[in-house]
Amino acid sequence: MSVHTISAAEAIERLERFDAILDARSEAEYAEDHLPGAVNWPSLNDQERHEVGTIYKQVSPFEARKRGAALVAANIARHIEREVLDKGKDWQPLVYCWRGGKRSGSLALILGQIGFRVSVIEGGYKAFRSGVLAALPALAQRLDYRVVCGPTGAGKTRLLHALERAGAQVLDLEGLASHRSSVLGLIPGQPQPTQKAFDTLVWDRLRRFDPARPVFVESESRKVGNVAVPEALIERMRASDCLRLELADDQRVGLLLEEYDFFVRDPALFCQRLAVLAELRGKAVVQGWQDEVAAGRIENVVRELLFKHYDPGYAASIRRNFTRYEAAPVIAPRDRSVAAMEEVAAQLVRAA
């Protein structure tokens, strides 16, 4: 048998060296968060976990262990039939469960008996999660950020994408959060990650950056939709050098119509989302916007949203939260096009 227990710190250090990372927890646990690149091989699925837990509470731990053993054995057999039969003897997986106990131990035991060199995380996902939270502050502090500031519709995300294509280091927090960071920022069909999963995604990006090169990031607030940016990261961003992205008002309106085209294609969805602004802007104002949308005058509504809702508080907020904003150089693309953003991105990369 070739099963080795390793610490979470060692597992994190060696993540890229394993041939596979196997999460032995249930589907719901895996969906909440998991190690980067992990695949889900449940020793017990959600329904089976519930079944065994009920037997444990209502009958006895002994009966629960018997039923659990039968289910785990059957599940591991299916995983092996599906995924392992074509693997060579040099295949080296990393296995974990919630605390590095019976679920990962059972899977690791069988794989080790076959002859594979298997590593199991001591303390399981719980230890990994603790390691991520402990590492985030230092990872955030070691990097040199360039914070892209600009009002709604200025093209901050479009510029970040152009910078990434140009070879720059980019931390796209909205992309990681699956949200556009405004009251209307929910993206249809793209659920947000849990807070734990978002933390892991941010940690995974930060650990891969080269501290000798700048990292471009958007001037986010503390929350992106329902998830919070790690405190150490937001504080470091707010003390970093800024870039002031400016775009003509007509170009901003056009960009928003392009970026939020799902509202243009689905006016009913747009009206539904506008309803959340009633408390801030008043029911009469929001009803007027909804009537305009229903009449097909979506561009008019976008203009009013920009100039009456988003812009008024932007200037004060950005100056209050980003201490180096006043000294930020102005970046003014010729228009909102991808090509124009790529021109600006190339200049920024050369200057970095």
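Keep in mind that this is a model prediction, so the values were computed, not measured. (Residues numbered from 1 in each chain as written. Predicted model: local features only at pLDDT ≥ 70, side-chain atom pairs only at ≥ 80, totals over all residues. Heavy atoms only, no water.)

Colleague: Honestly, the sheet that holds strand E1 (residues 3-6) in this entry has me stumped. Any pointers?
Modeller: Whether parallel or antiparallel, the strands of a sheet pair through hydrogen bonds between backbone atoms. Spatially, E1-E5-E4-E2-E3 is the arrangement adopted by the 5 strands of the open sheet, whose pairing is parallel. The sheet terminates laterally at E1 and strand E3 (39-40), the two strands that pair on one side only. With 4 bridges joining them, strand E2 (residues 20-23) and strand E4 (residues 93-96) adopt parallel strand pairing. For Ala20, the partnering residue across the bridge sits in E4 and is Pro93. (Pairing = 2+ DSSP bridges. Helix = DSSP H or I, 4+ residues; strand = E, 2+ residues; numbered from the N terminus.)

Colleague: Sorry if this is basic, but what is going on with the sheet that holds strand E11 (residues 241-245) here?
Modeller: Read from one edge to the other, the open sheet built from 5 strands follows the order E7-E8-E6-E11-E12, with strand pairing classed as parallel. Either end of the sheet is taken by a strand with one partner, and the two such strands are strand E7 (169-171) and strand E12 (330-331). Relative to strand E8 (residues 215-218), E7 runs parallel, the two being bridged by 3 bridges. Bridging from a neighbouring strand, Val170 pairs with Phe216 of E8.

Colleague: Even after reading the chapter, I still don't get helix H11 (residues 249-259), so can you show me in this structure?
Modeller: Quick reminder: α-helices carry 3.6 residues per turn. Residues three or four places apart thus point the same way. Listed as buried for H11 are Arg252, Val253, Gly254, Leu255 and Leu256. Against the buried residues of H11 lie helix H7 (156-165) and helix H16 (298-321). (Buried < 20%, exposed > 50% of the residue type's maximum accessible area, 1.4 Å probe, protein only. Contact = heavy atoms within 4.5 Å.)

Colleague: How should I be thinking about the layout of surface pockets in this particular structure?
Modeller: The gaps of empty space that remain are located by a probe, the size of a water molecule, rolled over the atoms. Quantified by volume, the second largest pocket comes out at close to 600 Å³. Taken together, 18 residues line the second largest pocket, and the ones lying closest to its centre are Leu44, Arg49, Val52, Lys102 and Arg103. Mapped onto the lining of the second largest pocket, the elements with two or more residues apiece are helix H3 (46-58), helix H4 (61-84) and helix H5 (102-114). For the lining of the second largest pocket, the leading source of residues is H4, giving 6 residues. (1 Å grid on protein atoms, 1.4 Å probe; cavity = no way out; pocket = protein on both sides within 12 Å on 5 of 7 lines; lining within 4 Å. Points joined across faces, edges and corners; volume = space filled by probe spheres on them.)

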